[in-house]
Amino acid sequence: MSRGTNQKFKFTYLMQIMLAKTDDEHSLTLSQIMDELEKYGVTAERKSLYNDFADMDKFGIEVIKEQIGRETFYHVGSREFELAEVKLLIDAIQSSKFITRTKSRELINKIKSNVSEYQASQLQRQVYINDRVKTMNESVYYNVDDIHTAINENKKIRFKYYKWDVNMKLVPRHNGDWFVVSPWALTWNDENYYLVAYDDIDKKIKHYRVDKMMQISVEDNRRAGKEEFKNFDMAAYSKATFGMYQGTKKVVKIEFSNYMCGVFIDRFGKDIIIMKVDDDHSVINVNVNVSPQFFGWIFSLGKDVKVVGPEDVVEEMKKQAEEFLENLK
């Protein structure tokens, strides 16, 4: 592009320079600003820059003037996102299980554009994607958007629903049949997105993990379940349906029927080692927080799951079961 062509973008380049190269700790003189504009093939007079700074303020970008010795420096004071807010957003992305590692990095890079390059370099040293469980379904973001669209348009959705098998592969439920339900709400629980919907075939409210839903499409048919959701209490439903646990961390050995493997992959991640016991059963060793809530979670999985080690945890679980039965008398 020629100098004359670039000149018309002077204000845009100036905003980019000030946002990228200045902050509360870093400033530029007018001469340095003009030098930066020259890199884009743009010339500027001092007076025109004063006017541009005033116009930037109208866009919500405050340029602060500061006298240091004989030099006058300029830097951006207020931004759409402050550094502390950017750090908070990055922390939320890093800790979110439903956001994949790849998408986490993409989002963090986009968010970093809201701070100066100096602040971004500080964030880069702090940014890491830890080894917590992350979803493997990149389409979850688009799933959420499709579900919102269907809710806003009062339409049903169709999708295929998947589960983990013992080989750590996502396989379709119900032999790949389509699920058609009426979406009414999205809820965030235990670090996962869930769709709460009405199934008008079974005539009941159900929930689905959004990252296990694939090939979502919005149907032409209007939603069912309006009466069921008229007085629906999402908080009560969430508490009754999902659980969390914490306590003393130990390595626990759990044996289960193979068809239950998806429960443990969802809870502990794809890096767990599933070992064969026989043709129908497997065992895993996992770090868990041993507590009454943990035992309650195991009990809730039914007779095809049992804790087989270590011995003190097995004995504690028996004690918990005995105390529970005692309460029934």
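Below or above, wherever it landed, is the structure these notes cover. (Residues numbered from 1 in each chain as written. Predicted model: local features only at pLDDT ≥ 70, side-chain atom pairs only at ≥ 80, totals over all residues. Heavy atoms only, no water.)

**Some words on the overall build of the protein**
Of the regular secondary structure elements, the protein holds 12 helices and 12 strands. Over its C-alpha atoms, taken along the principal directions, the protein stretches across nearly 85 × 50 × 40 Å. Taken over 329 residues, the protein has a buried fraction of 41%. Intrachain contacts of the protein at a sequence separation of at least 6 include 67% that bridge at least 24 residues. Looking at charge distribution, the protein has the averaged site of its 49 positive side-chain charges lying 2 Å from that of its 51 negative ones. (Helix = DSSP H or I, 4+ residues; strand = E, 2+ residues; numbered from the N terminus. Buried < 20%, exposed > 50% of the residue type's maximum accessible area, 1.4 Å probe, protein only. Contact = heavy atoms within 4.5 Å. Lys, Arg positive; Asp, Glu negative; His and termini not counted. Charge placed at Lys NZ, Arg CZ, Asp CG, Glu CD.)

**Description of the packing of aromatic side chains**
To describe a pair of aromatic rings, you give the distance between the ring centres and the angle between the ring planes. Following the criterion strictly, the structure yields 17 aromatic pairs and no others. With a centroid separation of 5.5 Å and 20° between ring planes, the pair formed by phenylalanine 159 and phenylalanine 179 is classed as stacked. Separated by 20 residues along the polypeptide, phenylalanine 159 in strand 3 (residues 155–164) and phenylalanine 179 in strand 5 (residues 179–189) bring together distant segments of the chain. Looking at phenylalanine 159, the relative accessible area reads 0%, which means it is buried. (Phe/Tyr/Trp six-rings, centres within 6.5 Å; stacked < 30°, edge-to-face > 60°.)

**Quick notes on the sheet that holds strand 9 (residues 248–257)**
Strand order in this open sheet of 4 strands is 10-11-9-12, and the pairing throughout is antiparallel. The sheet is open, and its two edges are formed by strand 10 (275–276) and strand 12 (305–309), each paired on a single side. Note: strand 9 against strand 12, 4 bridges, orientation antiparallel. Bridging across to strand 12, glutamate 255 finds its partner in lysine 306. The sheet strands contacting helix 11 (residues 292–300) are strand 9, strand 11 (281–290) and strand 12, and the helix crosses strand 11 at an angle near 155°. (Pairing = 2+ DSSP bridges. Axes fitted to C-alpha atoms, helices over the stretch in contact; angles between N-to-C directions.)

**Some words on the nonpolar core**
Of all hydrophobic cores here, the largest spans 27 residues; its most connected members are Ile147, Ile157, Phe159, Leu195, Tyr208 and Met213. Residue assignment for this core shows that the elements contributing at least two residues are helix 5 (83–95), helix 6 (101–112), helix 7 (117–126), helix 8 (140–152), strand 3, strand 5, strand 6 (192–199) and strand 8 (213–222). For this core, the element with the highest residue contribution is helix 8, accounting for 6 residues. Among residues more than four places away in sequence, those in contact with leucine 195 are Ile147, Ile157, Val181, Pro183, Trp184, Ala185, Leu186, Lys206, His207, Tyr208, Val210 and Met213. Residues Ile272, Val286, Phe295 and Ile298 belong to the second largest nonpolar core, which totals 25 residues. (Core = buried A, V, L, I, M, F, W, Y, C linked by side-chain atoms within 4.5 Å.)

**Some remarks on the side chain of aspartate 199**
Locating aspartate 199 in the fold gives a position in strand 6. Among the polar contacts listed, one links the side chain of aspartate 199 to the side chain of lysine 206, at a separation of 3.0 Å. The contact partners of aspartate 199, leaving out residues within four places of it in the chain, are Lys204, Lys206 and Tyr208. (Polar contact = N/O pair within 3.5 Å; in protein donor to acceptor, adjacent residues only side chain to side chain.)

**Quick word on the environment of phenylalanine 256**
With respect to the helices and strands, phenylalanine 256 occurs in strand 9. Among the residues examined, phenylalanine 256 registers a relative accessible area of 1% and is labelled buried. Sequence separation between phenylalanine 256 and isoleucine 111 is 145 residues; the distance between their C-alpha atoms is 43 Å. Those residues within four positions of phenylalanine 256 in sequence are excluded, and the remaining contacts are Cys261, Phe264, Ile274, Asp280, His281, Ser282, Val283, Ile284, Asp304 and Val305.

**Re a negative patch on the surface**
Where like charges cluster on the molecular surface, the negative patch consists of Asp24, Glu25, Glu82 and Glu85. Locating aspartate 24 in the fold gives a position in the loop between helix 2 (10–21) and helix 3 (30–38). A residue is classified by how much of its surface remains accessible, and aspartate 24, at 54% relative accessible area, is exposed. (Patch = residues over 30% accessible without salt bridge, like charges linked within 9 Å, V, L, I, M, F, W, Y side chains within 5 Å. Areas by Shrake-Rupley, 256 points an atom, 1.4 Å probe, with all protein chains shown as cover. Salt bridge = Lys/Arg side-chain N within 4 Å of Asp/Glu carboxyl O.)

**Points about the pattern of salt bridges**
Think of it this way: side chains of opposite charge can pair up when their charged atoms draw near. Using the criterion set out here, one finds 16 salt bridges in the structure. Here lysine 230 makes a salt bridge to glutamate 227, at a shortest N to O gap of 3.4 Å. Residues lysine 230 and glutamate 227 agree in their burial class; the two are exposed. When the shortest N-O distance is used, the salt bridge between lysine 318 and glutamate 315 registers 3.7 Å. With lysine 318 and glutamate 315 both in helix 12 (residues 311–327) and 3 residues apart, the pair spans about one turn of that helix. The partly exposed category is assigned to lysine 318, whose relative accessible area is 45%. You can call glutamate 315 partly exposed: its relative accessible area is 40%.

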